[in-house]
Amino acid sequence: LPELPEVETVCRGLNKLTLGIKIQGGEVLLPRTLAYPVSSQDFLQEIQNRKIDSWSRRGKYLLAHFQDCDACLGVHLRMSGQLLWLSQDINLHKHTRIRLFFANNQELRFVDTRTFGKIWWVKGQETDAVITGLQKLGPEPFSPEFSEDYLAQKLEKSNRCIKTLLLDQGLVAGIGNIYADEALFKSGIHPTAIASSLNLKEISGLRTAIITILEKAIASGGTTFSDFLNIMGVNGNYGGVAWVYGRKGKPCRVCETPIEKLKINGRSSHFCPNCQFPR
Ligand SMILES: [Zn+2]
């Protein structure tokens, strides 16, 4: 699934390619992809003749802001959503859900096999009131709010497994299964460790690991663990350097103990039983 580094990669691509070009129209092939407004007709009418001023990312949400208008286009890729920037002549992919046609004969195409992805058009209202998932997001991992103090306070109060807590978007925005496993390995913390049992040194190490692993993945253009593609349809290259994710049975890159896999709250967790000592 796309996580923060993948969504950030998409966001940077969109900022490079889609700004200031008039949107001439669009097509909604799967109406339920449109979370708001409900009517495809309203959406297509509203988006017509707009120009995107910038894109931003919040957690795993993409937000397009428009020139001369307070509207916002929200996108969440969920399990398998992809935004592709391509010529309008390119044959439609089987799972194309929404298309936006730009004046330079290019289009922004939303392709989504599993159909969990969502698109919102918000105008004249608070974005958070319509895209309610935004209200629940914790701080961005690169923001000053995601401090050691903040993390220590949150962990101290939780009796959940650290792995489960890291996936909670209310703790820190944008982390999913892949980067949670990688950060726990880098900080030597077992995924089943109870959050409140971590000491300050471990918490500090975990925070640093989260930040550096996400930065590295963004610098490599996202991951290849899933079938992630950037908006030009190109795969990232973080895959070759994963510490534990997707490496069950393979030797740990530090101590050569075989990597193990465990289900925690329904999510697969990869870890080294030697480097990440259970407690
Ligand atoms: Zn190891």
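Residues numbered from 1 in each chain as written. Predicted model: local features only at pLDDT ≥ 70, side-chain atom pairs only at ≥ 80, totals over all residues. Heavy atoms only, no water.

(A) Seen up close, the sheet that holds strand S7 (residues 96–102). Reading across the sheet, the four strands line up as S1-S7-S8-S6 and stay open at both edges, with antiparallel pairing between neighbours. Two strands in the sheet have a free side with no partner beyond their single neighbour: strand S1 (23–28) and strand S6 (81–87). Adjacent strand axes in the sheet meet at a mean angle of 15°, parallel and antiparallel pairs treated alike. Note that S7 and strand S8 (residues 106–112) share five bridges and pair antiparallel. Bridged to threonine 96 within S8 is valine 111. The sheet contacts of helix H2 (residues 40–47) involve S1 and S7, and relative to S1 the element is tilted by about 165°. (Pairing = 2+ DSSP bridges. Helix = DSSP H or I, 4+ residues; strand = E, 2+ residues; numbered from the N terminus. Axes fitted to C-alpha atoms, helices over the stretch in contact; angles between N-to-C directions. Contact = heavy atoms within 4.5 Å.)

(B) Here's a closer look at the packing of helix H1 (residues 4–17) against helix H7 (residues 200–219). Remark: H1 packs on H7, axes separated minimally by 9 Å, with the N-to-C direction vectors making an angle of 40°. Overall, the two elements H1 and H7 adopt an arrangement that is oblique. As for how H1 packs across H7, the hand of that crossing is right-handed. Packed against H1, whose contacting residues are Leu4, Pro5, Glu8, Thr9 and Arg12, the element H7 presents Leu214, Ala217 and Ile218 at the interface. Residue composition of the contact of H1 with H7, grouped by class: five nonpolar, one polar and two charged. (Parallel < 35°, antiparallel > 145°, perpendicular 65-115°, else oblique. Left-handed = near helix turned anticlockwise from the far one by under 90°. Nonpolar A, V, L, I, M, F, W, Y, C, P; charged D, E, K, R; others polar.)

(C) Up close: the coordination of the zinc ion. Taken together, Cys252 (SG), Cys255 (SG), Cys272 (SG) and Cys275 (SG) make up the protein donors of the zinc ion, found 2.2 to 2.4 Å from the metal. Geometry at the zinc ion is tetrahedral, judged from the four donor atoms that bind it and their angles of 100 to 113° at the metal. Read in sequence order, the donor residues for the zinc ion give the motif C-x2-C-x16-C-x2-C. One end of the pair, cysteine 255, is in the loop between H7 and strand S10 (260–264); the other, cysteine 272, is in the segment after strand S11 (267–271), with 17 residues separating them in the sequence. Take cysteine 272: its relative accessible area is 0%, and that puts it in the buried class. (Donors = N, O, S within 2.8 Å, 3.2 Å for Na, K, Ca; no water. Tetrahedral: all angles 85-135°; square planar, octahedral: opposite > 155°, others 65-115°. Buried < 20%, exposed > 50% of the residue type's maximum accessible area, 1.4 Å probe, protein only.)

(D) Representation of the sheet that holds strand S2 (residues 34–36) in the model. Strands sit in the order S2-S9-S5-S4-S3 across an open sheet of five strands; the sheet is mixed. Both outer strands of the open sheet, S2 and strand S3 (52–58), are each paired with one neighbouring strand and no more. Adjacent strand axes in the sheet meet at a mean angle of 20°, parallel and antiparallel pairs treated alike. With six bridges connecting them, S3 and strand S4 (residues 61–66) associate as antiparallel partners. When the sheet's bridge partners are listed, arginine 58 is paired in S4 with tyrosine 61. Seen against the sheet, H2 touches S2, S4, strand S5 (72–76) and strand S9 (118–122) and runs at an angle of roughly 60° to S9.

(E) Highlighting the layout of surface pockets. As a volume, the largest pocket reaches approximately 450 Å³. Contributing to the lining of the largest pocket are 22 residues, with Leu1, Lys60, His76, Gln169 and Arg267 lying nearest its centre. Looking at side-chain class alone, the lining of the largest pocket contains 12 nonpolar, five polar and five charged residues. (1 Å grid on protein atoms, 1.4 Å probe; cavity = no way out; pocket = protein on both sides within 12 Å on 5 of 7 lines; lining within 4 Å. Points joined across faces, edges and corners; volume = space filled by probe spheres on them.)

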